[in-house]
Amino acid sequence: MLALQAQMNPHFLYNSLQALQAMAEEGMNAEIGEMCQAMAGILRYISSDSAQKVPLAAEIRHTREYLRCMEIRCQGDLTWSADIPEEMESVPVPKLCVQLLVENAIKFSTTLRPPWRVEIRGALRQDAYELSIRDHGPGFEKETLAALEEQMREIRRTGTLPSLKINGMGILHVFIRFHLLYDDFLFRLENPPDGGACVTIGAKIHEQSV
């Protein structure tokens, strides 16, 4: 789990420093200050290794800071929304799972012309939670979706994890977190009928605190 979490730091820093360089060249001083403040909060969050799960409210706060950085970088071309029922805020979720799925959604959305949009939706289903991250990009390619689903089936069947690497993990990175933390969980990939891609995660709500 710590090895997976450690991968986030250089990946995030590399992209953010590139963006700050471009903003400095354009004289965007106010935006640079705001982005540096958000980055400080993000780095505090991802560098802490005290818990494998965190309350959903903490994960959403972290994701909002990440989205604010992306809003600044995209200069008005990116919008997003988060609809999380209040009763879900204390639900324990794997740390960094939401932000990484949002990052993946933005990455593929931006292969199309702007505007780009990401939606985060939460719901409680009896004794379990569900959380969906949806974009309005090109959707999953058929071959990519088949490959991801086969990799996930193989991990579930054998318990063998792929080699860790900084880039190229994306959705599979989050799946491995769920696989390590839960015996029974939801992890669904789909292309909604009206376009885009959607990843839905979920698990039973355990009684233990986080």
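Residues numbered from 1 in each chain as written. Predicted model: local features only at pLDDT ≥ 70, side-chain atom pairs only at ≥ 80, totals over all residues. Heavy atoms only, no water.

Chemist: What should I look at first to understand the overall build of the protein chain in this one?
Modeler: For the protein chain, the helix and strand inventory stands at seven helices and seven strands. In sequence order, the secondary structure elements of the protein chain are arranged as α-α-α-β-α-β-β-α-β-β-α-α-β-β. In the protein chain, which comprises 210 residues, the share counted as buried stands at 46%. Sequence-distant contacts in the protein chain: of pairs separated by 6 or more residues, those separated by 24 or more amount to 71%. In the form shown here, the protein chain has an accessible surface area of approximately 11,000 Å², with 50% of it arising from carbon and sulfur atoms. (Helix = DSSP H or I, 4+ residues; strand = E, 2+ residues; numbered from the N terminus. Buried < 20%, exposed > 50% of the residue type's maximum accessible area, 1.4 Å probe, protein only. Contact = heavy atoms within 4.5 Å. Areas by Shrake-Rupley, 256 points an atom, 1.4 Å probe, with all protein chains shown as cover.)

Chemist: It is not clear to me how helix α6 (residues 142-158) should be interpreted in this structure. Could you clarify?
Modeler: Relative to the 24 Å expected for 17 residues at 1.5 Å per residue, α6 spans 24 Å between its end C-alpha atoms, a close match to the ideal helical length. The set of residues buried in α6 consists of L145, L148, M152 and I155. All buried residues of α6 project into a common sector of 95° when viewed along the axis, lining one side. In α6, the exposed positions angled more than 90 degrees off the buried face are occupied by K142, E143 and R157. Downstream of α6 by a residue or two, G159 has a phi angle that is positive, lying close to 80°. (Expected span 1.5 Å × (residues − 1). Arc of directions from axis to C-beta.)

Chemist: For this particular structure, what's the right way to read the pairing of strand β6 (residues 185-190)?
Modeler: Along any regular strand the residues' side chains alternate between the sheet's two faces. With burial as the criterion, only one face of β6 is covered, namely that bearing F185, F187 and L189; the residues L186, R188 and E190 on the opposite face remain uncovered. Where β6 lies against strand β7 (residues 198-204), six bridges are found, and the strand directions are antiparallel. Paired with R188 across the two strands is T200, which belongs to β7. (Pairing = 2+ DSSP bridges.)

Chemist: How should I be thinking about the sheet that holds strand β4 (residues 116-125) in this particular structure?
Modeler: Strand pairs in the sheet, formed through backbone hydrogen bonds, run parallel or antiparallel to each other. Judged by pairing direction, the sheet is mixed, and its five strands sit side by side in the order β2-β4-β5-β7-β6 without closing on themselves. Edge positions in the sheet fall to β2 (78-83) and β6, since each has one partner strand and no second. Averaged over neighbouring strand pairs, the angle between their axes works out to 10° when direction is ignored. Here β2 runs beside β4; their pairing, made up of six bridges, is parallel. The residue of β4 that forms the bridge with D83 is R121. Against the sheet, helix α5 (residues 97-109) engages β2, β4, β5 (128-135) and β7, with an angle of about 145° to β4. (Axes fitted to C-alpha atoms, helices over the stretch in contact; angles between N-to-C directions.)

Chemist: How should unusual backbone geometry be read in this particular structure?
Modeler: Glycine aside, residues mostly have negative phi, and peptide bonds are mostly found in the trans state. Here the amide bond leading from P114 into P115 is cis, since omega sits at 10°, within 30 degrees of zero. Inspection of the secondary structure puts P115 in the loop between α5 and β4. We note that L96 has phi near 75°; this positive angle belongs to a residue other than glycine. Within the element layout of this structure, L96 appears in the loop between β3 (92-94) and α5. Of note, the phi angle at Q126 is positive, near 55°, even though the residue is not glycine. Along the chain, Q126 falls in the loop between β4 and β5. Owing to a relative accessible area of 83%, Q126 belongs among the exposed residues under this scheme.

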